[in-house]
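Analysis of the macromolecular model
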Amino acid sequence: MLLLLVKRFAMMVAIMLVVSILLFLLLELDPEGVAVKVLGPYTSVEQRMLWLEQNGYNEAAWLRYIGWLGNLLQGDFGDSIKYKAPVSDILWSRLANTGILGLATFGVMIPLSLALGVLAGMREGSWLDRSISVTSIVTTSVPEFASAVLLVFLFVFHLGWLPGTSGMADGFSWIELVLPVLVLVLYDFGYVARMTRASMAEVMQTPYIRTAILKGLPYKRVIMRHALRNALIAPFTVIMLQINWLLSGVIVVEFAFSYKGFGALLLDASLNDDIFLIQACAMVAVFVAVATQTLADIGYTYLNPRIRFS
Amino acid sequence: MATGNASADDTPVLEIKDLCLSYFTRAGEIPAVIDFNLTLRQGEAVGLVGESGCGKSTVAMAIMRYLGHNGSIVGGSIRFKGQDMATLSTEEMRQLRGSQIAMIYQEPMAALNPSMTIGEQLIEVPLHHEPGITVDQARERAVDMLANVKLPDPVLVMNSYPHQISGGQQQRVVIAMALLSGPSLLLLDEPTTALDVTVEAGIVELIAEIGKKFGTSMLYISHNLGLILDTCERVCVMYSGEAAEVGPIRDLFENPRHPYTHGLFNCIPTPGRDKHAHPLMPIRGQLPLPHERPPGCNFGPRCDFFEPGRCDVGQIHMQPVDAARGHAIRCARWNEIDWASHEVATKVYEPMEPGEVVLVADEMQKYYPVHDRSLAALIAGRSVRQVKANETLSFEARKGETVAIVGESGCGKSTFAKVLMGLETATGGTLVFNDDDIGDTAVRERTPAQLGSLQMVFQNPNDTLNPSMTIGSQIGRVIRKFGIEADREKIDRRVEKLLDLVKLPRDFALRRPRQLSGGQKQRVGIARAFAGDPAMVVADEPVSALDVSVSAAVTGLLMDIQRRAETTLLFISHDLGVVRYLADRVVVMYLGHIMEQGTTDEVFAPPYHPYTEALLSAVPIADTKVKKKRIILEGALPSVLDPPKGCPFHTRCPRKIGGLCEESPPPIHHTESGHSIACHIPLDELRLVEPVITTAA
Amino acid sequence: MTAETVNASVRRQGRVRGIVTAIGLMRESIVGMIGLSLVVFWVVVALFAPLLAPYSPVANQVSFAVPGAMAPDGGTFWLGTDHLGRDILSRVIWGSRTVLTYAPIATALAYAVGIVMGAMAGYYRGWVDSVMSGFANVILSFPILVLYVVIISTFGASGLNILFAVTFASAPGIMRIVRGLVLDLRNRDYVAAAQTRGESSFYIMFVEILPNARGPLIVDACLRLGYTTITIGVLGFLGLGLPPPDPDWGGMINETRNLLMLAPHMTIVPCLAISSLVLGFNLLADGIREVSLRD
């Protein structure tokens, strides 16, 4: 178990290193290009050379990489071109906002999708199962940007119940969080529900559930004690991996609702060629994704006694 | 066996009357069990035998009222202790399950919940059936019961998860679970089919003891007539959803009346049979699919006594043969058949003289490195360990000879086949085939001639053929590959010839595997192996997945082709019955070592290796005339990762002579005739052992 | 006819019958039929876009028209015009062509790469597997849209770059699925039989193993087509998609959504278009799965 932890952790560090090299190569291999992006297209060659000289770009690429990585580890991501401020000043508050959005989404989505998935999987092929399945296919088929538009039209312009943007100009507001969360939940819950359903249905078919029923256990105990414990192992992993998907989703939703989060920041940076900001955002996103993946792996092992004690 | 404890109450424990069961599918109603009757008195054990798809398990599930959403009882009744079970509510049914009627399953590993400890799974039985019982009392009861099913260290088992104990122990846990609430009726659905034969013997003994000790009535479902003979007093033979014959076990085994029962016994390689003088007689044709059953007698199309107008009209009902003894039969002509004078013309073969040596294994050895990635192993510096799958194997096979390698799971017999086929390479010694050392020549480096002259028949009929190609193209590919024919038309002709050879219709060439039955797929597998006129064919458990009657036919076919082509057959099997029947020479393996080898007669008679002796004793034999010595091996099969030092068998050997067996590997005793035994016990002493199997005149 | 031509024609008939039975089976799944109809509808629309579209998708006809308004030439704008006066119906029709060109090509490319990688990883195992899986792990550790944003902001937004980005991002997922299937199938006895008759690794991977993995892969391909459709839409919506003025559903939504209150039809129509196409792919996938599990 301990060795597994160490191995997973080493794996995580290795992936982060490879990703950082990739990002560095992608964005900084050509110093000339960096200078153009930082100083703008209308600068002279001399100005650019001077800037490159001052910022140590004349060194070998691998030395620059190590320097960059060192700064990164100390939380120094460089300066944003657009905001004219250190990236770290902007990034953390944006990340916190996205954290709130993500937590709210998970808080709604997980109970909803697990409950629906378990209900559907308990009686495979039943009327309830079919309607839950079809509903989840339909909601998963509407892309986030489409559902954002449709929900805004319905709730903002037609019914007038909710605000159409979530800029939170006057401080934090729950009501402005409703639509972004709704859009994310609608798009995501179907997948988790379907995975839960598949897992539950599979478990219900196993011989050990037959054993439990033919032991004369009450149906409730068969479900709660025998089925759920095995059926929720797979959805656990799915939910953890969903964090990776959510990081994609927030880009669309934050853009659509002008929510001042991390996704909007990344998009903004990309549209403005703000390369240090892109680097920082991408590194943070990958870190979150890899960290949850690692947690998912460890959790999966912990939940599964067949692996835990072998 | 005694008729069980006499009971004051005469009500049968279980009474099934005219039961009809159907499954409702998209294709319509499919009857699974038709007009089925069975009475089970207290303390009685009744066997339910039949081939796959005959409906025997469905009967058990119907008793439990667990038929899935598409199965239901469409007629007749099931009475438990006099009460009609159809009248029970769901809650009453729940109270009955697990307390009054309990079940033991085929796959113990799958039947136990992988994420709950065995203790948890055991104590919930009393907790949910006996109001007022405390957790501590339930736990105590569970520990006692584990001791009762002879599990060493019950407390440790209570805290284990199912995957942490062996298959035999798992089945003991399932049995303990079934017995916890003292059921009156125990349903056993192929309880030993998934286990090795020496482990099976222990479980069978335990089941027999339970019957005596607790007075439980048992319905024992099995495809193995020998097992039924060992465990039951009465037996019901099912065929295609119907009971064909039912009666006391001796009456039925010694005087089978139904042509199907008769045919079944003729398919079983009992000790009296031998491939030259008394070959098996397979039942012709094949089992009808449930929706294609013939009118009248279901067995009609396959029966030698079929009479149009009588056997193919209306419904044939059960008729008493001997009402007092409860012997009944479903046959319109049973009292017209004179079995004594009925002689089926069987081919009698001359034994073949073995030719020159084709294959020589000399101290061949195969180790696999296994990476142990646990922290403890890393620290101890044992992260790479060797699985000694084959340890210095030495034997030879001659032209036209059938050599059997026999042993239980993990003995290394399949590994040997892989090395021989070049799917793995040997790590030591030599393996000379047709004068070439092929031990470390991987299949990729072998010449087409070598490949074509050494082919294999595989075990699993559903796996042996590629589901997305037609039969013809699969056989044709072999022909092309070995350079026998290149012209398309000639290949097609040759495919047809091969299909003729394995007695399949020629138009099967255009079919796909899923349109074939298991036996037919195995025949295609044989055709494919013989496509390149091989000098040697390796058959790895070719019939173990097939039903008895199909298996007899496939075995017969395989021997027929082999005899004609004078091919050497290396027959790998765990089934001593089949091995005795068809092998000329036998090699007995245990944990990668050869324990004994010699001609079939030598191996199956004293002197025995103690392991061979135990193995012979463990095999159930469907013949009432045969008397067996009972030898039950203690303990489980050791892991190949951590084999015992000294003699590999010493941990379970009933004849262990002491420290010597634990310390040094046994010497190999050779007799003049070539029979050899690896054992510390002197040969003269082993000669004194009495035979395991004796046949009464 | 010679025996050979008989055989050949029987074989060909077998194949045709296979397709007919496949559609016949699909008819037993209502969900699958709805999905198939939606997909076929959009494919037909895309194929015959020049014939079906009443106006040019890029030329401005009139400034702002509500649905059903008259066109200057007396015809009707069934779905109205957008903020630049272009006919929405024509733009949606031509937009289907965009998405149904890029999504299938990108998916096919991703499959070509993923299948080769997955088959090799699953069949050879060992270090080949380690390298392939390691590569896949790195790519899959990126939140997918973050990866797109980084790639497209580095190389710029163009059709070719979108194809490249989608292939690059989807291939590892396909590789994992194929690898899993091959790891399972390579232990079948028919694979051992092929090995013992000396077949090459290439033959075993692509002729013996992969055809038997087609069921789950077809289902996955359908789902992936739907997902790629969404991706292309998202990129358009975020302003990272195809450069204007070519009609692209995601871009249409982004350009017009600020006028949602005034003229909702401009935005809602492309929303429904993309959702129905994705729904079609997803329902079709579900139908195929349902039917294939039956037999």
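One can find the structure itself at the top, above this paragraph.
In this report, we go over the structure that sits alongside the text. (Residues numbered from 1 in each chain as written. Chains lettered and ligands numbered in written order. Predicted model: local features only at pLDDT ≥ 70, side-chain atom pairs only at ≥ 80, totals over all residues. Heavy atoms only, no water.)

Considerations on the overall build of chain B
Operational definition: What counts as a helix is a DSSP run of H or I of at least four residues, what counts as a strand is a run of E of at least two, and both are numbered from the N terminus. Using C-alpha atoms as the atom set, the radius of gyration is obtained and then compared with a globule rule of 2.2 Å times the number of residues to the power 0.38. Relative accessible area decides the class of each residue, using a 1.4 Å probe on protein chains only: under 20% of the type maximum gives buried, over 50% gives exposed, and in between gives partly exposed. Contact between two residues is taken to exist if any of their heavy atoms lie within 4.5 Å; hydrogens are not considered. Method for areas: the Shrake-Rupley scheme with a 1.4 Å probe, in which residue coverage is limited to the protein chains shown.
Helix and strand counts for chain B stand at 24 helices and 26 strands. Here chain B has a C-alpha radius of gyration of 27 Å; the compact-globule value for 697 residues is 26 Å, and the two agree. Each of the three principal axes of chain B carries a C-alpha extent, and together these read 75 × 70 × 50 Å. Burial statistics for chain B: of 697 residues in total, 57% are counted as buried. By sequence separation, contacts in chain B at least 24 residues apart represent 67% of the contacts at least 6 residues apart. Looking at chain B as shown, the accessible area adds up to about 28500 Å², and 51% of this sits on carbon and sulfur atoms.

Some details on the pattern of salt bridges
For clarity, the cut-off: One speaks of a salt bridge when a side-chain nitrogen belonging to Lys or Arg is within 4 Å of a carboxyl oxygen belonging to Asp or Glu.
By the definition in use, this model includes 50 salt bridges over all chains. Between Glu401(B) and Arg585(B) there is a salt bridge, with the nearest N and O atoms lying 3.7 Å from each other. A residue pair is termed long-range when its members are at least 10 positions apart, and Glu401(B) in the loop between β14 (384-398) and β15 (402-406) and Arg585(B) in strand β21 (residues 585-590) qualify at 184 residues. Arg585(B) carries the same exposure label as Glu401(B), and that label is buried. Put simply, Glu613(B) and Lys629(B) hold a salt bridge, and the shortest N to O gap is 2.8 Å. One end of the pair, Glu613(B), is in helix α22 (residues 610-618); the other, Lys629(B), is in the loop between β23 (626-628) and α23 (659-663), and 16 residues separate them in sequence. For the pair formed by Glu613(B) and Lys629(B), the shared burial category is buried. Each member of the salt-bridge network shares a partner with another, and the members are Arg477(B), Lys481(B), Arg197(C), Glu199(C) and Glu208(C).

Here's the deal with the interface of chain C and chain A
Here is the rule: In this description, buried area is defined as the sum, over both parts, of the accessible area (probe of 1.4 Å) that is lost when the two are combined. Charged means Asp, Glu, Lys or Arg here, nonpolar means Ala, Val, Leu, Ile, Met, Phe, Trp, Tyr, Cys or Pro, and polar covers whatever is left, Gly included.
The interface of chain C with chain A comprises 42 residues on the first partner and 44 residues on the second. Of the roughly 3700 Å² buried between chain C and chain A, counting both surfaces, carbon and sulfur atoms make up 78%. At the boundary of chain C and chain A, one finds 1 salt bridge. In this structure, Asp286(C) engages Arg194(A) in a salt bridge whose closest nitrogen and oxygen atoms are separated by 2.8 Å. The set of elements that each furnish at least two residues to the side of chain C that touches chain A consists of α5 (126-140), α6 (144-155), α10 (214-237), α11 (249-256) and α12 (265-294) of chain C. Per-element tally for the side of chain C that touches chain A: the top contributor is α12(C), with 12 residues. Of the residues that constitute the side of chain C that touches chain A, the class distribution is 27 nonpolar, 11 polar and 4 charged.

Quick notes on the packing of helix α6 (residues 127-141) of chain A against helix α8 (residues 174-204) of chain A
All names here are of chain A. Put simply, the test is: Only the stretch in contact is used when fitting a helix axis, every axis being a line fitted to C-alpha atoms; angles between N-to-C directions are given from 0 to 180 degrees. Roughly parallel means an angle under 35 degrees; roughly antiparallel, over 145; roughly perpendicular, 65 to 115; everything else is oblique. Here is the rule for handedness: rotate from the far helix to the near one, and if that takes an anticlockwise turn smaller than a right angle the crossing is left-handed, while a clockwise turn gives right-handed.
Remark: α6 packs on α8, axes separated minimally by 7 Å, with the N-to-C direction vectors making an angle of 140°. Relative to α8, α6 is oriented oblique. Here α6 runs over α8; the crossing is left-handed. Side by side, α6 and α8 meet where Asp129, Ser133, Ser136, Ile137, Thr139 and Thr140 of the first sit next to Leu186, Tyr187, Phe189, Gly190, Tyr191, Arg194 and Arg197 of the second. Split by residue class, the contact of α6 with α8 holds 5 nonpolar, 5 polar and 3 charged.

Brief notes about the packing of aromatic side chains
Condition: Each Phe, Tyr or Trp ring, with Trp reduced to its six-membered ring, pairs with another whose centre is within 6.5 Å; inter-plane angles below 30 degrees give stacked pairs, above 60 give edge-to-face pairs, and intermediate values give tilted ones. Here, over-ring charges are defined by two tests on the NZ atom of lysine or the CZ atom of arginine: distance to the ring centre within 6 Å, and angle to the ring normal within 35 degrees.
Within this structure, the stated rule accounts for 22 aromatic pairs over all chains. Ring geometry for Tyr65(A) against Trp68(A): centres 6.0 Å apart, planes inclined by 40°, an arrangement best described as tilted. With Tyr65(A) and Trp68(A) both in helix α4 (residues 61-73) and 3 residues apart, the pair spans about one turn of that helix. We classify Trp68(A) as buried; its relative accessible area is 11%. Measuring from ring centre to ring centre gives 5.1 Å for Phe41(C) and Trp42(C), while their planes differ by 75°; the resulting arrangement is edge-to-face. Taking relative accessible area as the criterion, Trp42(C) reaches 8% and is therefore assigned buried. One aromatic cluster in this structure is built from Phe135(C), Phe155(C), Phe164(C) and Phe168(C). In this structure, Lys366(B) packs its charged tip against the face of Tyr368(B), placed 4.8 Å from the ring centre. Lying across the ring of Tyr203(C), Arg477(B) places its NZ or CZ 3.9 Å from the centre.

Section: helix α9 (residues 207-214) of chain A
One full turn of an α-helix is made of 3.6 residues, so residues set three or four places apart face in the same direction. All names here are of chain A. Within α9, 6 of the 8 residues are buried, leaving the element largely enclosed by the surrounding structure. Considered for burial, the residues of α9 that qualify are Tyr208, Ile209, Thr211, Ala212, Ile213 and Leu214. Looking one or two places after α9, you find glycine 216, whose phi comes out positive at around 85°.

A closer look at the interface of chain C and chain B
How we decide: Polar contacts, as counted here, are pairs of nitrogen or oxygen atoms within 3.5 Å of one another; within protein the pair requires one atom able to donate a hydrogen and one able to accept it, and residues that are adjacent in sequence qualify only if both atoms are side-chain atoms.
Listed per partner, the contact involves 28 residues of chain C and 27 residues of chain B. Interface area for chain C against chain B, summed over the two sides, is near 2300 Å², with a carbon-plus-sulfur share of 50%. Counting the surface chain C buries against chain B, the share from its top three residues, Asp189(C), Thr196(C) and Arg197(C), is 29%. The tally of links from chain C across to chain B stands at 3 salt bridges. In this structure, the salt-bridge partner of Arg477(B) is Glu199(C), at a minimum N-O distance of 2.6 Å. The tally of links from chain C across to chain B stands at 8 residue pairs in polar contact (both at pLDDT 80 or more). Secondary structure elements with two or more residues in the side of chain C that touches chain B: α1 (3-26), α8 (189-196) and α9 (201-209) of chain C. Per-element tally for the side of chain C that touches chain B: the top contributor is α8(C), with 6 residues. The residue inventory of the side of chain C that touches chain B, partitioned by class, reads 9 nonpolar, 8 polar and 11 charged.

Notes on the sheet that holds strand β12 (residues 327-329) of chain B
All names here are of chain B. Rule in force here: At least two DSSP bridges between two strands are required for those strands to pair.
Spatially, the 8 strands line up as an open sheet ordered β6-β7-β8-β3-β9-β10-β12-β11, and their pairing is mixed. Unpaired on one side and paired on the other, β6 (101-104) and β11 (319-322) mark the two borders of the sheet. Strand-to-strand twist of the sheet, defined as the mean angle between neighbouring strand axes without regard to direction, takes the value 20°. Examined bridge by bridge, strand β10 (residues 242-248) and β12 share 2 bridges and lie antiparallel to one another. Bridging from a neighbouring strand, valine 246 pairs with alanine 328 of β12. Against the sheet, helix α1 (residues 56-63) makes contact with β3 (45-49), β6, β7 (185-189), β8 (217-222) and β9 (234-239), and its axis sits at roughly 145° relative to β8, the strand it touches most.

By themselves, these observations are geometric and do not establish any function.
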